[in-house]
Amino acid sequence: MVAKICKWLANGLLVILLILVLLLFVPRLVKIQTMVVLSGSMEPTIPVGSIVYVRHVPSEKINDRDVIMFTLANGQYATHRVVEIDRQENSFLTQGDNNVNPDEAPIPYASVAGKVLWHIPYLGFFTNAIQGRTGFLIGAGVLVLLILLVFLPEVFRNPEEEQEDENPDPDHSL
C-alpha cells in the first residue's frame, strides 16, 4: 500500500514539474518572452502575479486594443493596452485597464518589447519565489522528496511480499 501511495505521489510531482517546465521554459525556445506582472494597472484583465507571454512582432502589426509590453525610461517593463496609434510619429498611446487616464507619454515603437499573447494568473508568484537561494532550497527539497518517494517503498516492503514475488503460484505456471 505504501508503495502505491509513493508511486502516485512521485508521478504527480513529476507531472507538476513537467507542466512547470512546459509553461516556463519551452516558450523561450520559440522566442516567447515571459515576464511577471508586478502592478495592478491591468487588473482585472491581468492580475498582479500573472505571467505574461510576449512575442516580438513588428510595430506595424500591433493594433488598437492589443496589450503590449514596453520598456519605460527607467529600464523597467510595463504591460498596458494600446488605446491610440500614431503611425506618423511611430508611437502608441497606452493605458492600463485599471487606470482612469491614458499614460502621459506615448510609447515609441523602439521601446516595444512585444505583444502579449496570453497570461497565466498568479504563476508569477511561484516563479519569483523560486529565484535565488530560496529557489535553490525549494529545488533541492523537491529532489530529496522525489528520491524519498522512489526509495521509501523499499524500506517498508514486507518480507512476505518478497517471498510471494519469488515463489509464484504453482497453479499459474507454464
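In case you missed it, the structure is sitting above this.
Visitor: Explain the pairing of strand E2 (residues 51–55) to me, please; I cannot follow it from the model alone.
Guide: Side-chain direction in a regular strand flips from residue to residue, so the side chains alternate between the two faces of the sheet. Counting buried positions along E2 gives four out of five residues, so the element sits mostly inside the fold. As judged from the five bridges shared by strand E1 (residues 32–36) and E2, these two strands associate in the antiparallel manner. Considered in E2, the bridge of Val36 is made with Ile51. Note: E2 against strand E7 (residues 112–120), five bridges, orientation antiparallel. By the bridge assignment for E7, Ile51 is matched with Ile120.

Visitor: Hey, could you run me through the pattern of salt bridges in this one?
Guide: Opposite charge on two side chains allows them to pair when their charged atoms are near. A complete count under the given rule lists two salt bridges for this structure. Measuring nitrogen to oxygen at the nearest pair gives 3.4 Å for the salt bridge that ties Asp66 to Lys115. Of this pair, Asp66 sits in the loop between E2 and strand E3 (67–71) while Lys115 is found in strand E7, placing the two residues 49 residues apart along the sequence. With a relative accessible area of 14%, Asp66 lands in the buried category. For the salt bridge of Arg81 with Asp97, the shortest nitrogen-to-oxygen distance reads 2.8 Å. You can see Arg81 sitting in strand E4 (residues 77–86) and its partner Asp97 sitting in the loop between strand E5 (91–95) and strand E6 (107–108), a full 16 residues away along the chain. Residue classification places Arg81 among the buried positions, given a relative accessible area of 13%.

Visitor: Before we go on, may I ask you to explain unusual backbone geometry in this structure?
Guide: Glycine aside, the phi torsion of most residues is negative, and most peptide linkages are trans. Here the amide bond leading from Glu43 into Pro44 is cis, since omega sits at 0°, within 30 degrees of zero. Along the polypeptide, Pro44 turns up in the loop between E1 and E2. Phi angles above zero are rare outside glycine, and Lys31 is one such case at about 60°. Mapped onto the fold, Lys31 is located in the loop between helix H2 (26–29) and E1. Owing to a relative accessible area of 71%, Lys31 belongs among the exposed residues under this scheme. Positioned with a positive phi, Arg65 is a non-glycine residue whose angle comes to about 85°. By the element assignment, Arg65 lies in the loop between E2 and E3.

Visitor: How do you make sense of the nonpolar core when you look at a structure like this?
Guide: Taken as a class, soluble globular proteins show a tendency for nonpolar side chains to be buried jointly. Counting 10 residues, the largest nonpolar core consists of Val57, Ile62, Ile68, Phe70, Ala78, Val82, Phe92, Ile107, Tyr109 and Val112. Every element with two or more residues in this core is listed here: E3 and E4. Setting aside residues no more than four positions away along its own chain, Val82 makes contact with Ile62, Asn63, Asp64, Arg65, Asp66, Ile68, Phe92, Leu93 and Thr94. With nine residues, the next largest nonpolar core counts Val37, Ile46, Val67 and Val116 among its residues.

What counts, and where the lines are drawn
Residues numbered from 1 in each chain as written. Predicted model: local features only at pLDDT ≥ 70, side-chain atom pairs only at ≥ 80, totals over all residues. Heavy atoms only, no water. Buried < 20%, exposed > 50% of the residue type's maximum accessible area, 1.4 Å probe, protein only. Helix = DSSP H or I, 4+ residues; strand = E, 2+ residues; numbered from the N terminus. Pairing = 2+ DSSP bridges. Salt bridge = Lys/Arg side-chain N within 4 Å of Asp/Glu carboxyl O. Core = buried A, V, L, I, M, F, W, Y, C linked by side-chain atoms within 4.5 Å. Contact = heavy atoms within 4.5 Å.

Geometric values such as these leave the question of function open.
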